[in-house]
Amino acid sequence: MQIDILFITLMLLSSAAFFIGRQRASKIVQGQIQSLHSLPSFYGFFAAIWSGLPAILLLAAWVVFEPAIITNIVIANLPEHITSLGQSHVNLVVNDIHNLTLGNLTATEPSAEIIAAADQYKSLQATSHMLLTIFSLLLVFGFGLVSVRKIHPQLRARNVVEQVIKVFLFLCACIAILSTLGIVMSVLFESIRFFKMIPIDDFLFGLTWSPQTAMREDQVGSSGAFGAIPLFTGTLLISFIAMMVAVPVGLMSAIYLSEYASTKVRGIAKPLLEVLAGIPTVVYGFFAALTVAPLLRGAGISLGLDIASESALAAGLVMGIMIIPLVSSLSDDVINAVPQAMRDGAYGLGATKSETIRKVIFPAALPGIVGGILLAVSRALGETMIVVMAAGLAANLTANPLDAVTTVTVQIVTLLTGDQEFDSAKTLAAFALGLVLFVITLLLNVIALRVVRKYREQYE
Amino acid sequence: MNVEQETGQKEMELNPAQTKEAMDLQSKTPKVDRENRETVGDVRVDDPRMRCTDINVHYGDKHAIKGLNLDVGKKEILSMIGPSGCGKSTFLRCLNRMNDTIDSCRVTGTIEMDGVDINGKSIDVVPLRASVGMVFQKPNPFPKSIRENILFGPRIHGLATDKDDLEEIVVNSLKKAGLWDEVKDRLDQPGTGLSGGQQQRLCIARTIAVEPEIILMDEPCSALDPISTAAIEELMLELSESYSICIVTHSMQQAARVSNRTAYFHLGDLIEVGTTDQVFNAPLHQLTEDYITGRFG
């Protein structure tokens, strides 16, 4: 039986066990549900889990290990003159066998041995699937029968089911954590490879960034320089400009919305503000590159300033606009979380609205606001699309917002787009940049979350 | 109404058993009928600090206070009792216009303070609230130091700028609130770190610091333990030597212990006003009697 059909069959059988278990539970007590330890549906789930879970686990294990085992058997049966050619040749042959079994074209015209091996592979696979079908059906029926038999009024079905659910939830949590760990590890290991080629202090403290390395031994020029300082200053410059826009505007709009606006205005303005958050960053990107940058350049010319058409200013301004809703909605939340009692206390002492906001609400909400701003900063540092489109590639080491700068994310994109070889310093540099950026944003997030948490404790 | 008979019962103590006895006695004297919602008793006093005339309060469609007349005398403690939702807190919040902060709330009628209408166009709410201070149900110190909590009011009203003057306000207010001995060594620690009773006395000290004429207290002891409650009640009696105090309370014992006059509210109507002795020992209205004897509420 096909694996997918088998899976569906197992699920159907397991659902059948649910109904059987539930029915049996209520039958045993002649409808007197209160004399059961758990509700009848728990007995149903109990039966379903017992009948389904072992078979599904078997199926999963089988699917994972079956190809490797069959391949090994096939290799062991290959004639001497093929296996003696070494591991890499055997791998090629195995590839051909796999292709043949799947009915794909092979690289070369297959020899008789390989065709025979492919046939063997197919037959082994068929046998294995048959065995799997038999075993899993046996498991379903066996465990299903046992579990249905086990149902009696004192059986603590609810506890068992809840335990299984707990394990399942734990596994889901593990997937999130493990995948994060996996990503970090892969970036880390590639970065270590990079740091074997380029010393880490050259990377962290070098002042020139020019990642073009020689493709061939005899190529001239392009020795490559991997000093990341210009990238980080560029990133910081753009993020700084963005925060200069986003923090005041976001914060003040939050104060207006939470303290001054009438319910009606708030009902309209808040969703409108949040529309900003829904605009794809690529749209912000071409808005920055095609509208804001030329506008700034034109304004610069009329003022006698030389503004690069890919200036940090344009990218930063637009990024700031993008971050406004983030700052404003986070600040709005913390301002609203300041208890009404604080406002009453201040008003009761004769404070005006602005005094109440400046002297009571804002200080009380400040830790939360700072946390929100730090989250916004890490968003700005990691933002890619706007800077790819608006900030350019020139790795200038400058603090002048009118110049063109580049950022870490832009360089990662350029290093990794197109055809790349994964053993050159140029490509691996992307991982090192990613690692440093990750560490910075991680630190910011940790600090932000701590600040926010500390704030939360204050009123509870 | 037979006044002689009621004054005869005046010395009666307020303990449950005796109240029951009193009730049996009283039930022989005719009471104002439950259906009658006209205020009984003297709503007016000579030389009032505040005089409220025909107050109506609406929250949206809800008529929370219906045609209320009441005076607050000088240097007296006026307690307001009544079942939840009867409008006593709402009335209290009218006295310093705290209801202004609630959008749907509408207040009509005149509230005069020393003869001036506090809802008048020329009246600014800021000095009004400085002279009519308010203490809330839940202690609400600002998340600042004890000193800064006290100085919040004086600073915003510019009562003092000199450092020594400010310090004097801190010391005096805390002393008046009976908190000085407990906190004098930790004025720079956060006010939120004090115990509930201390926090409430800090809030009272904060209110005193702006030198109000009237202090409004909205169930100031409902979140406190009996010892803190006793401390605050004692404090109220001391403060009443210089201020008028209006207190909303759910504890009839508290009302009986501290107040000079008592007002009983019922579903937005002011039912009965009188001296505390008279209201508790010889209520004139059947609803008041029902409430204080525990038959209702």
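As the structure is a prediction and not an experimental result, all values here were calculated from the model.

The subject of this paragraph is the overall build of chain B. Of the regular secondary structure elements, chain B holds 12 helices and 10 strands. Looking at chain B as a whole, 55% of its 297 residues qualify as buried. In the structure as shown, chain B presents an accessible area of about 13,000 Å², 47% of it carried by carbon and sulfur atoms.

Each helix and strand counted, chain A has 16 helices and two strands in total. Counting contacts in chain A only where the partners sit at least 6 residues apart, residues at least 24 apart contribute 72% of the total. Separation between the mean location of the 26 positive side-chain charges and that of the 28 negative ones in chain A comes to 19 Å.

What follows concerns the side chain of B:T207. Topologically, B:T207 is positioned in helix 8 (residues 196-208). The class of B:T207 is buried, set by a relative accessible area of 1%. B:T207 has contacts with A:L349, B:G133, B:M134, B:V135, B:P212 and B:I215, leaving out every residue within four places of it along the chain.

So, on to the pairing of strand 2 (residues 62-73) of chain B. All names here are of chain B. Direction of pairing for strand 1 (residues 48-59) relative to strand 2: antiparallel, over a ladder of eight bridges. Looking at the pairing, C52 lines up with L70 of strand 2. What sits between strand 1 and strand 2 in their antiparallel hairpin is a turn of two residues, with G60 showing a positive phi close to 60 degrees.

Take the sheet that holds strand 3 (residues 77-81) of chain B next. Residue and element names in this part refer to chain B. If you trace the six strands from one edge of the open sheet to the other, you get 6-7-8-3-9-10, paired in mixed fashion. Edge positions in the sheet fall to strand 6 (132-135) and strand 10 (269-275), since each of these pairs with one other strand and no more. Averaged over neighbouring strand pairs, the angle between their axes works out to 15 degrees when direction is ignored. Here helix 8 sits on the sheet and contacts strand 6 and strand 7 (214-218); the angle it forms with strand 6, its principal contact strand, is near 170 degrees.

On to the packing of aromatic side chains. Counted under the stated rule, the structure contains 13 aromatic pairs over all chains. Plain terms: the ring middles of A:F18 and A:F19 are 5.2 Å apart, the flat faces sit at 80 degrees to each other, and that makes the pair edge-to-face. Residue class for A:F19 comes out partly exposed when judged on its relative accessible area of 48%. Between the aromatic rings of A:F194 and A:F203, the centroid separation amounts to 5.4 Å while the plane-to-plane angle is 80 degrees, which identifies the pairing as edge-to-face. A single burial state applies to A:F194 and to A:F203, both of which are buried. Three or more aromatic residues joined by ring pairs make a cluster, and in this case those are A:F194, A:F195, A:F203, A:W209 and A:F226. Lying across the ring of B:F142, B:R206 places its NZ or CZ 4.3 Å from the centre.

A surface patch of negative charge is lined by B:D162, B:D164, B:D165 and B:E168. By the element assignment, B:D162 lies in the loop between helix 5 (146-156) and helix 6 (163-176).

What follows concerns the confidence of the model for chain B. Low-confidence regions, as indicated by low pLDDT, have predicted coordinates that should not be scrutinised in detail. Residues and elements named next belong to chain B. For chain B, per-residue confidence averages 85 on the pLDDT scale, and 90% of positions sit at 70 or higher. Scored below 50 in pLDDT, residues 1-14 makes 21 contacts in the model with residues more than four places away or belonging to other chains. ipTM for the predicted complex: 0.82, alongside a pTM of 0.74.

Residues and elements named next belong to chain B. The strand order 2-1-4-5 describes an open sheet built from four strands, whose pairing is antiparallel. Every other strand in the sheet has two partners, leaving strand 2 and strand 5 (116-117) as the edge strands with one partner each. As judged from the two bridges shared by strand 4 (residues 105-113) and strand 5, these two strands associate in the antiparallel manner. Bridge pairing links E112 to D117 in strand 5. In the packing of helix 3 (residues 88-95) onto the sheet, the strands contacted are strand 1, strand 2 and strand 4, and the crossing angle to strand 1 comes to about 120 degrees.

The domain boundaries assigned to chain A delineate domain 1 (3-155) and domain 2 (225-459). Its C-alpha centre places domain 1 of chain A at a distance of 51 Å from the equivalent point of domain 2 of chain A.

This part covers the interface of chain A and chain B. Counting from both sides, the interface comprises 19 residues of chain A and, opposite them, 23 residues of chain B. Summing both partners gives a buried area of about 1,600 Å² for chain A against chain B, and 67% of it is carried by carbon and sulfur. Inspection of the chain A/chain B interface yields zero salt bridges. Put simply, chain A and chain B have three residue pairs in polar contact (both at pLDDT 80 or more) between them. Elements that contribute at least two residues to the side of chain A that touches chain B include exactly helix 12 (340-348) and helix 13 (353-382) of chain A. Among the residues forming the side of chain A that touches chain B, the class breakdown is 10 nonpolar, six polar and three charged.

Moving on: the confidence of the model for chain A. Scored by pLDDT, chain A has a mean of 86; 95% of the residues are at 70 or more. The least confident element of chain A, judged by mean pLDDT, is helix 3 (residues 80-83) of chain A at 75; the most confident is helix 8 (residues 229-260) of chain A at 93.

Of all hydrophobic cores here, the largest spans 78 residues; its most connected members are A:F194, A:F203, A:M319, A:I323 and A:L433. Discounting chain neighbours no more than four positions away, the residues touching A:M319 are A:I238, A:A242, A:A380, A:E383, A:I386 and A:V387.

Thresholds applied
- Residues numbered from 1 in each chain as written.
- Chains lettered and ligands numbered in written order.
- Predicted model: local features only at pLDDT ≥ 70, side-chain atom pairs only at ≥ 80, totals over all residues.
- Heavy atoms only, no water.
- Helix = DSSP H or I, 4+ residues; strand = E, 2+ residues; numbered from the N terminus.
- Buried < 20%, exposed > 50% of the residue type's maximum accessible area, 1.4 Å probe, protein only.
- Areas by Shrake-Rupley, 256 points an atom, 1.4 Å probe, with all protein chains shown as cover.
- Contact = heavy atoms within 4.5 Å.
- Lys, Arg positive; Asp, Glu negative; His and termini not counted.
- Charge placed at Lys NZ, Arg CZ, Asp CG, Glu CD.
- Pairing = 2+ DSSP bridges.
- Axes fitted to C-alpha atoms, helices over the stretch in contact; angles between N-to-C directions.
- Phe/Tyr/Trp six-rings, centres within 6.5 Å; stacked < 30°, edge-to-face > 60°.
- Lys NZ or Arg CZ within 6 Å of the ring centre and 35° of its normal.
- Patch = residues over 30% accessible without salt bridge, like charges linked within 9 Å, V, L, I, M, F, W, Y side chains within 5 Å.
- Salt bridge = Lys/Arg side-chain N within 4 Å of Asp/Glu carboxyl O.
- pLDDT = per-residue confidence, 0-100.
- Domains from an automatic or database assignment.
- Buried area = accessible area lost by both parts, 1.4 Å probe.
- Polar contact = N/O pair within 3.5 Å; in protein donor to acceptor, adjacent residues only side chain to side chain.
- Nonpolar A, V, L, I, M, F, W, Y, C, P; charged D, E, K, R; others polar.
- Core = buried A, V, L, I, M, F, W, Y, C linked by side-chain atoms within 4.5 Å.

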